[in-house]
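Results of the structural survey
This is what each chain is made of:
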Amino acid sequence: MLVCCRTPLLVAIVSICVLPSVAAAESSSYVYCDNGLRCVMAPCPSNSALDLATGKIIKGVSIDIEELPPQDKAPDLSDKLYAGKVVVVGSIENRTQTLNDKQYTLPWLVATGIERASRDSERGHCSSH
């Protein structure tokens, strides 16, 4: 009898423990683009993303488009992302990478959808686009 009574309690505890990590990966809208910065060693902060909800610019972010639905993967998507011409729905997550034999924890924008075309005012952090 104790086993069946513990199961709901266990589910409740697991749910509470998982909630903070789910909240951290909450979706937002971003304008991702090349910001014009160039460097000779990685990691290079040559891309940035504007979080439209907060107005915060995330510098040195890379983008992962693997979770985009097929209809959002247009042939010219790379050009549009480079120029900041689309608003991307997704979340920022930190990933560890090895570059030049050193480990770095870097931000990645995990894109899950294309929301709309971006406005000129939303591309202000992009290089001359």
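Just above, that's the structure.
Residues numbered from 1 in each chain as written. Predicted model: local features only at pLDDT ≥ 70, side-chain atom pairs only at ≥ 80, totals over all residues. Heavy atoms only, no water.

1. Structural notes on the nonpolar core
Counting residues in each nonpolar core, the largest one holds 13 residues, and the members touching the most others are Tyr 32, Ala 49, Val 61, Ile 63, Leu 81, Val 88 and Leu 109. Of all the secondary structure elements, the ones that give two or more residues to this core are β1 (28-34), α2 (77-83), β5 (86-99) and β6 (102-117). Residue contacts for Val 88: discarding those within four places in its chain leaves Ser 28, Ser 29, Tyr 30, Leu 81, Leu 109, Ala 111, Gly 113 and Ile 114. (Core = buried A, V, L, I, M, F, W, Y, C linked by side-chain atoms within 4.5 Å. Buried < 20%, exposed > 50% of the residue type's maximum accessible area, 1.4 Å probe, protein only. Helix = DSSP H or I, 4+ residues; strand = E, 2+ residues; numbered from the N terminus. Contact = heavy atoms within 4.5 Å.)

2. With respect to the state of the cysteines
For the structure shown, the criterion picks out two disulfides. What pairs with Cys 33 in a disulfide is Cys 126, and their sulfur atoms sit 2.0 Å apart. Linking Cys 33 and Cys 126, the disulfide has an S-S dihedral of approximately -105 degrees and is accordingly described as left-handed. Here Cys 33 is found in strand β1, whereas its partner Cys 126 is found in the segment after β6, with 93 residues between them in sequence. Here Cys 33 and Cys 126 have matching classes, each one buried. The disulfide bridge from Cys 39 ends at Cys 44, spanning 2.0 Å between sulfur atoms. When its relative accessible area of 29% is taken as the criterion, Cys 44 is described as partly exposed. (Disulfide = S-S within 2.5 Å.)

3. Quick notes on the layout of surface pockets
Rolled over the atoms, a probe with the dimensions of a water molecule shows which regions are left empty. Considering only enclosed or pocket space, the largest pocket measures out at about 170 Å³ in volume. Forming the walls of the largest pocket are 14 residues, and the residues nearest its centre are Pro 43, Cys 44, Gly 60, Ser 62 and Leu 106. Mapped by element, the contributors of at least two residues to the lining of the largest pocket are β5 and β6. Here the lining of the largest pocket takes three residues from β6, the largest share from any one element. Per-class residue counts for the lining of the largest pocket are nine nonpolar, five polar and no charged. (1 Å grid on protein atoms, 1.4 Å probe; cavity = no way out; pocket = protein on both sides within 12 Å on 5 of 7 lines; lining within 4 Å. Points joined across faces, edges and corners; volume = space filled by probe spheres on them. Nonpolar A, V, L, I, M, F, W, Y, C, P; charged D, E, K, R; others polar.)

4. Description of the pairing of β6
Bridging between strand β4 (residues 62-64) and β6 involves three bridges; their strand directions are parallel. Bridge assignment links Ser 62 to a residue of β6, and that residue is Trp 108. Pairing of β5 with β6, which is carried by 14 bridges, proceeds in the antiparallel orientation. Each residue of the ladder has a partner; that of Val 89, found in β6, is Gly 113. Hairpin connection from β5 to β6: two residues lie between these consecutive antiparallel strands, with Asn 100 at a positive phi of about 55 degrees. (Pairing = 2+ DSSP bridges.)

5. Some words on the packing of aromatic side chains
Aromatic ring pairs: the centre-centre distance and the angle between the two ring planes describe each pair. All chains considered together, the criterion is met by zero aromatic pairs. When the ring centre of Trp 108 is taken as origin, the NZ or CZ atom of Arg 95, which lies over that ring, is 4.9 Å away. (Phe/Tyr/Trp six-rings, centres within 6.5 Å; stacked < 30°, edge-to-face > 60°. Lys NZ or Arg CZ within 6 Å of the ring centre and 35° of its normal.)

6. Let's talk about the environment of Leu 50
Structurally, Leu 50 is set in strand β2 (residues 47-51). Looking at Leu 50, the relative accessible area reads 13%, which means it is buried. C-alpha separation for the pair Leu 50 and Arg 123, spaced 73 residues apart in sequence, amounts to 8.2 Å. Excluding residues that lie within four positions of it along the chain, Leu 50 makes contacts with Ser 29, Tyr 30, Val 31, Gly 55, Lys 56, Ile 57, Glu 122 and His 125.

7. Re the pattern of salt bridges
Inspection of every chain in the model, using the stated rule, returns eight salt bridges. With a shortest N-O distance of 3.7 Å, Arg 116 and Glu 115 are connected by a salt bridge. Overall, Arg 116 belongs to the partly exposed group, its relative accessible area being 26%. In this structure Glu 115 comes out as partly exposed when scored by relative accessible area, which is 43%. Two residues, Arg 116 and Glu 122, come together in a salt bridge whose shortest N-O distance is 2.7 Å. Linked by salt bridges that have partners in common, Glu 115, Arg 116, Arg 119 and Glu 122 make up one network. (Salt bridge = Lys/Arg side-chain N within 4 Å of Asp/Glu carboxyl O.)

Interpretation note: all reported values are geometric properties and have no functional meaning in isolation.
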